[in-house]
There are 2 protein chains.
Amino acid sequence: MRITLIGSGNIATHLGAAFRNAGHRIVQVYSRNMQNAALLAYHIGAEAIDDLNSINPETDIFIIAISDDAIASIVQQLAKYDKLIVHTSGATDLYTLLAFTDKAGVFYPLQTFSKTKEVDFRTVPLCIEGATESATQALKELAQGISNNVYIIDSSQRKTLHLAAVFACNFSNYLYSVAQELLAKQNINFDLLRPLILETAQKVQEHLPADVQTGPAARKDIKTIDMHLNLLKGEPELEQIYRLLSQGIIKKDNGGNAS
Amino acid sequence: MRITLIGSGNIATHLGAAFRNAGHRIVQVYSRNMQNAALLAYHIGAEAIDDLNSINPETDIFIIAISDDAIASIVQQLAKYDKLIVHTSGATDLYTLLAFTDKAGVFYPLQTFSKTKEVDFRTVPLCIEGATESATQALKELAQGISNNVYIIDSSQRKTLHLAAVFACNFSNYLYSVAQELLAKQNINFDLLRPLILETAQKVQEHLPADVQTGPAARKDIKTIDMHLNLLKGEPELEQIYRLLSQGIIKKDNGGNAS
């Protein structure tokens, strides 16, 4: 397929490399910043542009990987080429594209990308949605060429998925940082906690998290919970987080519904 | 060394195997439940007992790996043998042992153990503390024989470490379970989230969590936060958790102190 990338950030970079490796041709990379466009374009054998008037219409799909707020105005300018247009956002509806074109879809890779860390794209879950049967089919083929984990997910499911990812990943990472700061105050190296963090994530690769929950709240060890709350005196936000999450664990374990 | 294990749960099982593999002799395994004692004892070539009166005094160290509440009464009964006695608890003070014996210490493996999952003990951080210089030295040698990550950690640091582990691991696992339930309600397979959970934990193996924080709160994307809070309507506890953790992330990013 001939692919045009709109954006040059983490998602565009990782997607571009994966498509290129799968034998697709990246026609152009657009970015408002010519340097960023050029850097990515160079790596994947594409032309760099920083002006939408320079779009080459000889392409099969526009893949938009830019901030959510900027998607609508870009689609508006690309619709005239009458090609398939997809965005890569977890939080944006398909309807944002449908306002401008029928040939619309979503190509959402559910992974956290950093420029400095390679990701094995074959393991990345790709959530696709097409406005038409033929769009879905084209996206499915494109996705299966780079990943073994392709799911057809509608806009409502994708929103829930994005929300769930915030809980499981953004919030977990925040808790890691809270832990790191608690240790730093006592001059304890964060290295002590790193293996435990990794093992906790590895455990749920094969089990359901509720089945492997451990800790004071899971065993209703009120004495330890009280001791921890005592240690958190003077840090009201952390005390509140500790209480709330412990209550959630206790409630869930009681056969109640923590959610 | 000649080692006597008090307890036959996850920690005793993994420690026993690691000591045995390092060439130590496990003299006895004590458990109130003879079947549990026998099962572990069989695997590590020890004698199983379910009565403290059957303790063989020909040992060098008693390692107590039982529930926190039961530690004191066991130490009281073991003190008369005048051997080194250590517990393996993150939440229990060294003083709990010092009330009964001077030859006391702590041997705290900072990892989450399950009976069904092998753990490479050489990567497990071992936090040791001795009541005397010679106890510390003996524990250090014992620990270095089974792990590459041995730390001397006092009781006050250990409490903080235990608290930090609750945040980073028990609470993260709870957030995984919240995410899993959100997905289940929309018939979305938890498999979609598993690679992201693993990658999030892998990222902080080399970076500090605050440096790799992503998500709506990290980029102050109020529109997405509001959409998520809207999705959580009717789940007041989850809404509260979402607000609190998002506030923490926003505050931290402002150069404020979230803790």
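Residues numbered from 1 in each chain as written. Chains lettered and ligands numbered in written order. Predicted model: local features only at pLDDT ≥ 70, side-chain atom pairs only at ≥ 80, totals over all residues. Heavy atoms only, no water.

Student: Lay out the overall build of chain A in plain terms, naming residues and giving numbers.
Tutor: Each helix and strand counted, chain A has nine helices and eight strands in total. Expressed as lengths along the three principal axes of its C-alpha atoms, the size of chain A is roughly 70 × 40 × 30 Å. Here chain A holds 259 residues, and the buried ones make up 56% of them. When contacts within chain A are restricted to residue pairs at least 6 apart in sequence, those whose partners lie at least 24 apart make up 51%. With an accessible surface of roughly 10,800 Å², chain A has 46% of that area assigned to carbon and sulfur atoms. (Helix = DSSP H or I, 4+ residues; strand = E, 2+ residues; numbered from the N terminus. Buried < 20%, exposed > 50% of the residue type's maximum accessible area, 1.4 Å probe, protein only. Contact = heavy atoms within 4.5 Å. Areas by Shrake-Rupley, 256 points an atom, 1.4 Å probe, with all protein chains shown as cover.)

Student: Please give an account of the nonpolar core that cites residues and values.
Tutor: Where a protein is soluble and globular, its nonpolar side chains tend to be buried together. Among the nonpolar cores identified, the biggest contains 114 residues, and Leu78, Phe167 and Leu193 of chain A together with Leu78, Phe167 and Leu193 of chain B are the most heavily contacted of them. Among all residues touching Leu78 of chain B, those that are not within four sequence positions of it are Ile6, Leu52, Ile55, Phe62, Ile64 and Ile85 of chain B. (Core = buried A, V, L, I, M, F, W, Y, C linked by side-chain atoms within 4.5 Å.)

Student: If you had to explain the interface of chain A and chain B to someone new, which residues and values would you point to?
Tutor: At the interface, 97 residues of chain A touch 96 residues of chain B. For the pair chain A and chain B, the summed buried area comes to about 9,400 Å², and 65% of that belongs to carbon and sulfur atoms. If you look at where chain A meets chain B, you find four salt bridges. A salt bridge links Lys252 of chain A to Glu181 of chain B; its shortest N-O distance comes to 3.2 Å. Where chain A meets chain B, there are 33 residue pairs in polar contact (both at pLDDT 80 or more). Secondary structure elements with two or more residues in the side of chain A that touches chain B: helix H6 (155–185), helix H7 (194–203), helix H8 (222–231) and helix H9 (236–253) of chain A. (Buried area = accessible area lost by both parts, 1.4 Å probe. Salt bridge = Lys/Arg side-chain N within 4 Å of Asp/Glu carboxyl O. Polar contact = N/O pair within 3.5 Å; in protein donor to acceptor, adjacent residues only side chain to side chain.)

Student: Break down empty space enclosed by the protein for me, citing the residues and quoting the values.
Tutor: Remark: the empty space left among the atoms is shown by a probe the size of a water molecule rolled over them. For the structure on display, the rule yields one cavity of 30 Å³ or more. In this structure, the largest cavity spans a volume of roughly 60 Å³. Taken together, Thr200, Lys203, Val212, Gln213 and Thr214 of chain A together with Thr112, Cys169, Asn170 and Asn173 of chain B make up the lining of the largest cavity. Among the elements that make up the lining of the largest cavity, the one with the highest residue count is helix H6 (residues 155–185) of chain B (three residues). Residues that form the lining of the largest cavity fall into these classes: two nonpolar, six polar and one charged. (1 Å grid on protein atoms, 1.4 Å probe; cavity = no way out; pocket = protein on both sides within 12 Å on 5 of 7 lines; lining within 4 Å. Points joined across faces, edges and corners; volume = space filled by probe spheres on them. Nonpolar A, V, L, I, M, F, W, Y, C, P; charged D, E, K, R; others polar.)

Student: Tell me about the sheet that holds strand E2 (residues 25–30) of chain A, residues and numbers included.
Tutor: All names here are of chain A. Here we have eight strands laid out as an open sheet, ordered E3-E2-E1-E4-E5-E6-E7-E8, and mixed in their pairing. The sheet is open, and its two edges are formed by strand E3 (47–49) and strand E8 (150–152), each paired on a single side. Recorded for the sheet is a direction-independent mean angle of 25° between the axes of neighbouring strands. (Pairing = 2+ DSSP bridges. Axes fitted to C-alpha atoms, helices over the stretch in contact; angles between N-to-C directions.)

Student: Give me the relation of the copies chain A and chain B: which residues, what numbers.
Tutor: Mapping between the two chain copies consists of a rotation about an axis together with a translation along that axis. Between chain A and chain B, which share one sequence, the superposing operator has a rotation angle of 180° and an axial displacement of 0.0 Å; the RMSD is 0.0 Å. Classification of the inter-copy transformation places it as that of a two-fold axis. No C-alpha of chain A approaches the rotation axis more nearly than that of Ser172 of chain A, which lies at 2.5 Å. Looking at chain A, 99% of its interface residues are interface residues in chain B too, so the copies touch through the same face. (Least-squares fit on C-alpha atoms with pLDDT ≥ 70 in both.)

Student: Lay out helix H7 (residues 194–203) of chain B in plain terms, naming residues and giving numbers.
Tutor: Counting buried residues along H7 of chain B, nine of its 10 residues qualify, which places the element largely inside the surrounding structure. Among the residues of H7 of chain B, Arg194, Pro195, Leu196, Ile197, Leu198, Glu199, Thr200, Ala201 and Lys203 of chain B are the ones counted as buried. Looking at the packing, one finds that the buried side of H7 of chain B touches H6 and H7 of chain A together with H6 of chain B.

Student: Residues and numbers for the packing of aromatic side chains, please.
Tutor: The geometry of an aromatic ring pair comes down to the distance between the two centres and the angle between the two planes. All names here are of chain B. Summed over all chains, the structure comprises 12 aromatic pairs over all chains. Judged by centre distance (5.3 Å) and plane angle (80°), the ring pair of Phe167 and Phe171 falls under edge-to-face. Taken together, the residues span about one helical turn, with Phe167 and Phe171 both in helix H6 at a distance of four residues. (Phe/Tyr/Trp six-rings, centres within 6.5 Å; stacked < 30°, edge-to-face > 60°.)

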